[in-house]
Amino acid sequence: GEEARLAVDKMIAAGRAGGVMIEDLVKLIEKMRIAGLLGKQNFDDMLKMMILVRRASPSVERAGTQLMRLATEWGVQGSKAREALKGLVPVTDEVTGKMRPMVDILVDLAKLSPEAIDKLAGPTSKAALKALMPALDSIREGMAATNGELVKGAKANEYLQRTIDT
């Protein structure tokens, strides 16, 4: 019904913004569902992360794999990557106890020094770092909005949400 139509509209908008075909987004969503990651991030947040990761990856397949690694490493309670992340920024929502949206975590990480971010390098796999660093750079350094404005930090997150809501 209406919920499915809205999801498809968001996927089409995210695909345009990230240069991703809807078929590839469907494959990524299926991989994340099989890996049990969909419950850890809501649909909008996953689409926003895919846009960010895809900006720096030469292929959609590679971007999807890198995003899966990052979501898996951050999403698993007790993983070395998650513990390192928890040492830098809040990972879970204080009210719900669920993992915070990955883009919100990136906004918080973008406020930290490069030396602080380096603490993630050891416990985080190279594939996950390949997703994390370009996405973090987009949040930190800014991305060009459709009106030419350079949006950073929380404004970048808002811009991504507006992008998929159109």
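Bear in mind that the values here come from a model prediction, so they are computed numbers and not experimental data. Every chain's residues receive numbers from 1 upward, in the order its sequence appears when written. Only residues with pLDDT of 70 or above have their local features reported here, since the model is predicted, and side-chain atom pairs are shown and tallied only from 80 upward, although totals for entire chains, interfaces and linings are computed over all residues. Based on all heavy atoms of the structure, the side-chain values leave hydrogens and waters out of the count.

Asker: Summarise the overall build of the protein chain; cite the residues concerned and give the values.
Answerer: Labels follow the DSSP assignment, with helices taken as runs of H or I lasting at least four residues and strands as runs of E lasting at least two, numbered in each case from the N terminus. Counting secondary structure elements, the protein chain contains 9 helices and 2 strands. Along the first, second and third principal axes, the C-alpha atoms of the protein chain reach 40 × 40 × 35 Å. Between buried and exposed lies partly exposed: a residue is buried under 20% and exposed over 50% of the maximum accessible area for its type, with that area taken using a 1.4 Å probe on protein chains only. Residues counted as buried form 48% of the 166 residues belonging to the protein chain. By sequence separation, contacts in the protein chain at least 24 residues apart represent 58% of the contacts at least 6 residues apart. By element, 55% of the accessible surface of the protein chain is carried by carbon and sulfur atoms, the whole surface being about 8500 Å². Contacts are assigned to residue pairs with any non-hydrogen atoms lying within 4.5 Å of each other. Every accessible area reported is derived by Shrake-Rupley at a probe size of 1.4 Å, with residue values counting cover from the shown protein chains alone.

Asker: Talk me through empty space enclosed by the protein; I want residue IDs and the actual numbers.
Answerer: In this analysis, the protein atoms alone were mapped onto a 1 Å grid. Cavities are point sets where a 1.4 Å probe fits without being able to get out; pockets are open sets with protein on both sides within 12 Å along at least five of seven lines; lining residues have an atom within 4 Å of a point. Grid points are joined across faces, edges and corners, and a volume is the space filled by probe spheres set on the points. Within the structure shown, the criterion is met by 1 cavity of 30 Å³ or more. Empty space within the largest cavity amounts to approximately 70 Å³. Lining the largest cavity, in full, are Asp24, Lys27, Leu28, Lys31, Met50, Val60, Glu61 and Gly64. Breaking the lining of the largest cavity down by element, the ones donating at least two residues are α2 (22–34) and α4 (60–75).

Asker: I'd like to hear about the packing of α4 against helix α6 (residues 102–110), residue by residue, with values.
Answerer: Between α4 and α6, the shortest axis-to-axis distance is 12 Å and the interhelical angle comes to 85°. Classified by the angle their axes make, α4 and α6 are roughly perpendicular. Here Leu67, Leu70, Ala71 and Trp74 of α4 lie close against α6, whose contacting residues are Met102, Ile105, Leu106 and Leu109. In this classification, Asp, Glu, Lys and Arg are treated as charged, Ala, Val, Leu, Ile, Met, Phe, Trp, Tyr, Cys and Pro as nonpolar, and every other residue, Gly included, as polar. Of the residues that constitute the contact of α4 with α6, the class distribution is 8 nonpolar, no polar and no charged. The angle between two axes is taken between their N-to-C directions and runs from 0 to 180 degrees, where each axis is a line fitted to C-alpha atoms and a helix contributes only its stretch in contact. Any angle that falls under 35 degrees is termed roughly parallel, while one over 145 is termed roughly antiparallel, one within 65 to 115 roughly perpendicular, and all others oblique.

Asker: A description of the pattern of salt bridges should follow, citing residues and the corresponding values.
Answerer: What makes a salt bridge here is a side-chain nitrogen of Lys or Arg within 4 Å of a carboxyl oxygen of Asp or Glu, nothing more. Evaluation of the coordinates by the stated rule reveals 10 salt bridges. Note that Lys10 and Asp44 form a salt bridge whose closest N and O atoms lie 2.8 Å from each other. Of the two residues, Lys10 sits in helix α1 (residues 2–18) while Asp44 sits in helix α3 (residues 43–54), which places them 34 residues apart along the sequence. You can call Lys10 buried: its relative accessible area is 10%. According to the relative accessible area criterion, Asp44 is buried, its value standing at 16%. In this structure, the salt-bridge partner of Asp137 is Arg140, at a minimum N-O distance of 3.9 Å. Of this pair, Asp137 and Arg140 both sit in helix α8 (residues 126–141), 3 residues apart, which is roughly one turn of the helix. A residue is classified by how much of its surface remains accessible, and Asp137, at 29% relative accessible area, is partly exposed. Residue Arg140 is classed as partly exposed on the basis of its relative accessible area of 26%. Beyond isolated ion pairs, a larger network of salt bridges with shared partners links Glu2, Arg5 and Asp9.

Asker: Which residues make up the confidence of the model for the protein chain, and what are the values?
Answerer: Scored from 0 to 100, pLDDT reflects the predictor's confidence in each residue. When pLDDT is averaged across the protein chain, the result is 82; 93% of the residues are at 70 or more. Mean pLDDT values for the elements of the protein chain range from 75 in α2 up to 92 in helix α5 (residues 80–86).

Asker: Summarise α3; cite the residues concerned and give the values.
Answerer: Over its 12 residues, α3 extends 16 Å from the first C-alpha to the last, a length consistent with the 16 Å expected when each residue adds 1.5 Å. Counted residue by residue, α3 has 11 buried out of 12 residues, so it is predominantly covered. Of all the residues in α3, the buried ones are Asp44, Asp45, Met46, Leu47, Lys48, Met49, Met50, Ile51, Leu52, Val53 and Arg54. Expected helix span is computed as 1.5 Å times (number of residues minus one).

Asker: Go over the side chain of Thr163 with me, naming the residues and quoting the values.
Answerer: Positionally, Thr163 belongs in helix α9 (residues 153–165). Residue class for Thr163 comes out buried when judged on its relative accessible area of 14%. The definition of a polar contact used here is a pair of N or O atoms within 3.5 Å, where within protein one atom must be able to donate a hydrogen and the other to accept one, and adjacent residues in sequence count solely through side-chain atom pairs. Within the structure, the side chain of Thr163 is placed 2.8 Å from the backbone oxygen of Tyr159, a separation counted as a polar contact.

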